[in-house]
Amino acid sequence: MPLPIINSFASWVLKQRIHQIELFIKYPNEVQEELLMNLLRASENTVVGLQYDYASINSYTTFAQRVPVSTYEELQPLIERTRKGEQNVFWETPIKWFAKSSGTTNAKSKFIPVSNEALEDCHYKGSKDLLCMYLNNNENSEMFLGKSLRLGGSSQIYEDNHTFFGDLSAILIENMPAWAEFSSTPSSKISLMGEWETKITAIINEVKNENVTSFAGVPSWMLVLMNKVLEETGKTNLMEIWPNLEVYFHGGVNFEPYRDQYQKIVPNKDFKYYEIYNASEGFFAIQDLNNSNDLLLMLDYGIFYEFIPMDTFGTDSQKIIRLADVELFKNYAIIITTNSGLWRYLIGDTVRFTSINPYRIRVTGRTKHHINVFGEELMVENSDQAIAKACQITNTEIVDYTVAPIFMKNKEKGAHEWMIEFKKKPTDIILFQKTLDETLQSLNSDYEAKRYNNMTLNPLVINIAREHLFYDWLKEKDKLGGQHKIPRLSNQRDYLEQLKNMQATVNQ
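Rules used throughout
Residues numbered from 1 in each chain as written. Predicted model: local features only at pLDDT ≥ 70, side-chain atom pairs only at ≥ 80, totals over all residues. Heavy atoms only, no water. Helix = DSSP H or I, 4+ residues; strand = E, 2+ residues; numbered from the N terminus. Rg over C-alpha atoms; globule rule 2.2 N^0.38 Å. Buried < 20%, exposed > 50% of the residue type's maximum accessible area, 1.4 Å probe, protein only. Contact = heavy atoms within 4.5 Å. Areas by Shrake-Rupley, 256 points an atom, 1.4 Å probe, with all protein chains shown as cover. Lys, Arg positive; Asp, Glu negative; His and termini not counted. Charge placed at Lys NZ, Arg CZ, Asp CG, Glu CD. Phe/Tyr/Trp six-rings, centres within 6.5 Å; stacked < 30°, edge-to-face > 60°. Lys NZ or Arg CZ within 6 Å of the ring centre and 35° of its normal. Salt bridge = Lys/Arg side-chain N within 4 Å of Asp/Glu carboxyl O. Core = buried A, V, L, I, M, F, W, Y, C linked by side-chain atoms within 4.5 Å. Patch = residues over 30% accessible without salt bridge, like charges linked within 9 Å, V, L, I, M, F, W, Y side chains within 5 Å. Axes fitted to C-alpha atoms, helices over the stretch in contact; angles between N-to-C directions. Parallel < 35°, antiparallel > 145°, perpendicular 65-115°, else oblique. Left-handed = near helix turned anticlockwise from the far one by under 90°. Nonpolar A, V, L, I, M, F, W, Y, C, P; charged D, E, K, R; others polar. Pairing = 2+ DSSP bridges. Arc of directions from axis to C-beta.

Caption draft 1: Molecular detail of the overall build of the protein chain. Looking only at helices and strands, the protein chain features 18 helices and 21 strands. Relative to a compact globule of 508 residues, whose C-alpha radius of gyration would be 23 Å, the protein chain shows 23 Å and is just as compact. C-alpha atoms of the protein chain, sized along the principal axes, occupy 60 × 60 × 45 Å. Expressed as a percentage of the 508 residues in the protein chain, the buried residues total 55%. Within the protein chain, contacts between residues separated by at least 24 positions form 67% of all contacts whose residues are at least 6 apart in sequence. For the protein chain, the computed accessible surface area is about 22,100 Å², with 49% contributed by carbon and sulfur atoms. When the 52 basic and 64 acidic side-chain charges of the protein chain are each reduced to a single mean position, those positions are 3 Å apart.

Caption draft 2: Up close: the packing of aromatic side chains. Taken as a whole, this structure holds 29 aromatic pairs when the rule is applied. Put simply, the rings of Tyr277, Phe284, Tyr305, Phe307, Tyr332, Phe353 and Tyr359 touch in pairs and so form one group of aromatic residues. Just above the ring of Phe165 sits the side chain of Arg83; from NZ or CZ to the centre is 5.4 Å.

Caption draft 3: Spotlight on the pattern of salt bridges. All chains considered together, the criterion is met by 27 salt bridges. In this structure, Glu80 engages Arg83 in a salt bridge whose closest nitrogen and oxygen atoms are separated by 3.4 Å. Placement of both Glu80 and Arg83 in helix 6 (residues 72-83) is noted, with a separation of 3 residues, approximately one turn of the helix. Residue Glu80 is classed as partly exposed on the basis of its relative accessible area of 22%. Across the pair Asp300 and Lys125 runs a salt bridge, and its minimum N-O distance is 3.7 Å.

Caption draft 4: Inspection of the environment of Thr233 at higher detail. Structurally, the position occupied by Thr233 is in helix 12 (residues 219-233). When the C-alpha positions of Thr233 and Lys208 are compared, they lie 7.9 Å apart, and in sequence the two are 25 residues distant. Setting aside anything within four residues of it in sequence, one finds Thr233 in contact with Lys208 and Ile241.

Caption draft 5: Fine view of the nonpolar core. The biggest cluster of nonpolar side chains holds 77 residues, and the ones touching the most others in it are Phe63, Phe90, Leu297, Tyr305, Phe307, Trp343 and Phe353. Element by element, the count of residues in this core is highest for helix 7 (residues 116-137), at 9 residues. Those residues within four positions of Phe90 in sequence are excluded, and the remaining contacts are Ser43, Thr46, Val48, Leu78, Ile79, Thr82, Ile95, Pro113, Ser340, Gly341 and Trp343. Listed in part, the 46 residues of the second largest apolar core include Ile203, Trp221, Leu496 and Leu499.

Caption draft 6: Molecular detail of a nonpolar patch on the surface. The grouping of Leu328, Phe329 and Ile356 at the surface amounts to a nonpolar patch, some 290 Å² of accessible area in total. Of note, Ile356 is situated in strand 15 (residues 345-356).

Caption draft 7: Region of the structure containing the packing of helix 14 (residues 380-394) against helix 15 (residues 429-443). Here helix 14 crosses helix 15 at 140°, and the two axes come no closer than 8 Å. The angle between the axes of helix 14 and helix 15 places the two elements in the oblique class. Note on packing geometry: the crossing formed by helix 14 with helix 15 is right-handed. Mapping the contact onto sequence places Asn382, Ser383, Gln385, Ala386, Ile387, Lys389, Ala390, Cys391, Ile393 and Thr394 in helix 14 and Leu431, Phe432, Thr435, Leu436, Thr439, Leu440 and Leu443 in helix 15. Residues that form the contact of helix 14 with helix 15 fall into these classes: 10 nonpolar, 6 polar and 1 charged.

Caption draft 8: Fine view of the pairing of strand 12 (residues 303-309). Extensive coverage of strand 12 is indicated by the burial of 7 of its 7 residues. Taking every second residue as pointing to the same face, both faces of strand 12 are buried, with Ile303, Tyr305, Phe307 and Pro309 on one and Phe304, Glu306 and Ile308 on the other. In terms of strand pairing, strand 12 meets strand 14 (residues 331-338) through 7 bridges, oriented antiparallel. In the strand pairing of strand 14, Phe307 is matched with Ile334. Examined bridge by bridge, strand 12 and strand 13 (residues 321-322) share 2 bridges and lie antiparallel to one another. Looking at the pairing, Phe307 lines up with Ile321 of strand 13.

Caption draft 9: Representation of helix 2 (residues 17-26) within the structure. Those residues of helix 2 not exposed but buried are Arg17, Ile18, Ile21 and Phe24. Down the axis of helix 2, the sector holding all buried residues measures 125°, keeping them to one side. Those residues of helix 2 that are exposed and aimed more than 90 degrees away from the buried face are His19 and Lys26.

Caption draft 10: Structural context of the sheet that holds strand 3 (residues 147-150). Across the sheet, 12 strands lie side by side as 6-3-7-8-9-10-11-16-15-14-12-13; this open sheet has mixed pairing. For this open sheet the edge positions go to strand 6 (184-185) and strand 13, each flanked by a neighbour on one side alone. By the bridge criterion, 4 bridges tie strand 8 (residues 247-250) to strand 9 (residues 272-279) in an arrangement that is parallel. Bridge pairing in strand 9 links His250 to Glu275. Against the sheet, helix 12 makes contact with strand 3, strand 7 (212-217) and strand 8, and its axis sits at roughly 135° relative to strand 7, the strand it touches most.

Spelled out as structure tokens, the structure:
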């Protein structure tokens, strides 16, 4: 079939989905309520369904009273039973796929169940909807006349007791429908290679001669790949290699600290950036408008949402609310119930709503990735925006960063200590530090109050990381690849001390 015909047919098929999206936008709470009841009915005869008598649950109120909120550690025994071959434990259909994820807070691996329903009705549906929204907003797109460059994780698929595990990206590639494989590069064989540095070389050799019209992956790792592509080809920007580039679909980490670097390597004012919010546990939200940082919460992917206001999170007064009860611009921890059998699962992410008609969100961080040692409630969203502003003011570029508290000792006040690896260092580090600190105060009133006259917090401290420090730290932990991320903020000093020790060892 000629490519122009494929392009027209794909556009037509994908745009039909717009009508279904409009339905859940119009009736969001009814769609979510019906979805919850369908999940309960499907799981009445599972081990969990019998334990909590799902058959008699006919309302959200009863569901919330009867079924406890769970962390991974609390669900792990049930998950391990399924990994060893037992089925019908927490989901009605057989589960043989598990997305292996160490996250950024625990070295211990997590094995997130991925049902066939989740693959088809959540992950792949999300990928199709992403294309649908992009094409709906850009009717003259010629994206399907070329290929999408994908950059996933670096783990292969492994078998254990007749079940399989690996990075979510590897599972998705292994089960990918033919249409997606046909329109993607590199090949599945290369995408599923396990050793990151060898894989990067193989990717470059394949993709540099393709007609790439879009690319997708985590901004930090994609930037590594793209810079290596430019180095290998001797070109100054990506448009010289792929003149038909249209759009970058990104997620995983905040894009703002990297935006200026991408605009330099893709010097095309018409080039689009589309953000997604997905994880091993599900595909949650998609940017549905051009030039927007807001993500439409997708309500018909087999995921039921609940939220905990962060101002009560982890306290005796903690409360859990439905989507219908959220408020604008408040930070919430997310609880999900999914079509993979995760029941009231605390995923660990935080979001705030920028719109409730329709429901649009921005990801603000992690429940474990914030700093609140001194009551400053600093979120990743704050630190990402502040470092982006400091880079802009000082004509600086970063590779990565992490932040930890300096604890009060004797009469010494506390502070925040940063480790920043620069791609392009500031000529005036004092101006960079001052801009960073003042921007944080303008974004976060709690931080501003603690910094007022150095009342509780002294000025922040910046360590300039040696070249490749974060890369070497991830490599030492066997975490190289597209799914792994640097922990931005922590209430403890573990990550920072490890990085400082690695830096000191090399400098000796």
